[in-house]
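# Reading the structure
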Amino acid sequence: MRNHAAHDQADHGAHGAHSGHGGHNGAQPGGLSVSVDGYTLDLDSTIRTAGVQPVSFRVIGPDGRAVTEFVPEHEKELHFIAVRRDTAGFQHVHPVRDEKGTWSTELALEPGDWRLFADIHPAGHDGTMTLGIDVAVAGAYEPRPLPEATGTARIGEYTVALDGELLPGEASELVLSVSRDGRPVTDLQPYLAAYGHLVALRVGDLGYLHVHPEGEPGDGTTAPGPEIAFMAVAPTAGTYRLFLDFQHDGVVRTAEFTVRTAAATPHADAAPEHGSHHHGPHAHHAHH
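Residues numbered from 1 in each chain as written. Predicted model: local features only at pLDDT ≥ 70, side-chain atom pairs only at ≥ 80, totals over all residues. Heavy atoms only, no water.

## What to know about the sheet that holds strand β6 (residues 91-93)
The condition that has to hold: For two strands to count as paired, DSSP must find a minimum of two bridges between them. Starting at the N terminus, helices and strands are each numbered in turn, a helix being any DSSP run of H or I of at least four residues and a strand any DSSP run of E of at least two.
Spatial ordering of the open sheet is given by β3-β10-β9-β5-β6, a layout of five strands whose pairing is mixed. Only two strands of the sheet have a single partner each, and these edge strands are β3 (47-48) and β6. Bridge count for strand β5 (residues 78-84) against strand β9 (residues 112-120) is seven bridges, and the pairing is antiparallel. Across the sheet, the residue bridging to Ala 82 is Leu 116, located in β9.

And the structure:
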């Protein structure tokens, strides 16, 4: 969500509730409300059958009409995320909008309770926001246990390693390194104006966090892999699910992680190994 960075430089990537005036000290997750600042997510149906299916929706503005003008973020007017309440089935898609303000896309929905997120910046509004809505998908629901916390994700012949820790109420750097068959990938392809997109969701209520990539393709300093660096701040202690989208060989892949927040180290007399564990990887990756 690179284009948000200037707006959020002061709060290190925390959008507050994405209303443009969230507090700088304690980031508030988005997506917990179907309506923010008079903008409402209006879905064609919140009860659905299982399977791959078309989904349409509108964003209703404060005037009661469908919004038809948005400020593009990462080359798109709207980013749409679908995930089941047990954090399975993550999908990041980009619907198309008609001239009347109706968005259309296709989702693969298994039985269970889902949360859909619309990440937008309506024209004339002072910042981005994330709206969320629940959807019930009929059928035999078999919830999946939360995957174990691990610093490595595997997608076919690709491995993504996570370095850094998510801290409650404090900005920290997360560095994800992509390799293929054990060899570092140094030719990642730009995907929506970045080498990687990271979505973080809080386990328990699916609070949605914006996470910003550091640097961008073509800026003269950001390499196309193997490392992709992000600044993130967790609003609270807890467990989070991270989803990294990256593109290589023309295919977008998603790496998934379960992460538990670590304790911040604000005091100089903290144990040396504890302090270096949190801040060591930040020194040579920080570009801000």
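## Remarks on the pattern of salt bridges
Any two side chains of opposite charge can pair if their charged atoms end up close together. Counted only if it meets this: Salt bridge, as used here, is a side-chain nitrogen of Lys or Arg placed within 4 Å of a carboxyl oxygen of Asp or Glu. Accessible area is worked out with a 1.4 Å probe on protein chains only. A residue is then buried under 20% of its type maximum, exposed over 50%, and partly exposed in between.
Taken as a whole and assessed by the stated rule, the structure comprises 12 salt bridges. With its nearest N and O atoms 2.7 Å apart, the salt bridge here joins Arg 85 to Asp 134. Pair noted here: Arg 85 is in the loop between β5 and β6 and Asp 134 is in strand β10 (residues 129-137), with a separation of 49 residues, a long-range link. Take Asp 134: its relative accessible area is 39%, and that puts it in the partly exposed class.

## Examining the nonpolar core
Under the convention used in this document: Put simply, buried Ala, Val, Leu, Ile, Met, Phe, Trp, Tyr and Cys residues joined by side-chain atoms within 4.5 Å make one nonpolar core. Should any heavy atoms of two residues lie within 4.5 Å, those residues are counted as being in contact.
Residues Leu 244 and Phe 257 are the most contacted members of the largest nonpolar core, which totals 26 residues. Those elements that provide at least two residues to this core are β12 (158-163), β13 (171-180), β15 (197-202), β16 (208-213), β17 (227-233), β18 (239-248) and β19 (251-260). Among the elements that take part in this core, β18 stands out by supplying four residues, more than any other. Not counting the four nearest positions on each side in its chain, Leu 244 is found in contact with Val 160, Leu 176, Gly 196, His 197, Leu 198, Ile 228, Phe 230, Arg 253, Thr 254 and Ala 255. Leu 43, Phe 70, Phe 80 and Ala 82 belong to the second-largest nonpolar core, a separate cluster that totals 25 residues.

## A closer look at the packing of aromatic side chains
When we look at a pair of aromatic rings, we describe it by the centre distance and by the angle of the planes. Cut-off, in case you're wondering: Each pair of aromatic rings taken from Phe, Tyr and Trp, with Trp reduced to its six-membered ring, is defined by centres within 6.5 Å and is described as stacked if the planes are under 30 degrees apart, edge-to-face if over 60, and tilted in the remaining cases.
By the definition in use, this model includes six aromatic pairs. Ring geometry for Phe 90 and Phe 243: centres 4.0 Å apart, planes at 5 degrees, overall stacked. Note that Phe 90 is positioned in the loop between β5 and β6 and Phe 243 in strand β18, a separation of 153 residues in sequence. Here the aromatic rings of Phe 117 and Tyr 208 are separated by 5.3 Å at their centres, their planes lie at 40 degrees, and the arrangement is tilted. Taken as a pair, Phe 117 in strand β9 and Tyr 208 in strand β16 lie far apart in primary sequence, 91 residues in all.

Limitation: the analysis is restricted to geometry and does not speak to function.
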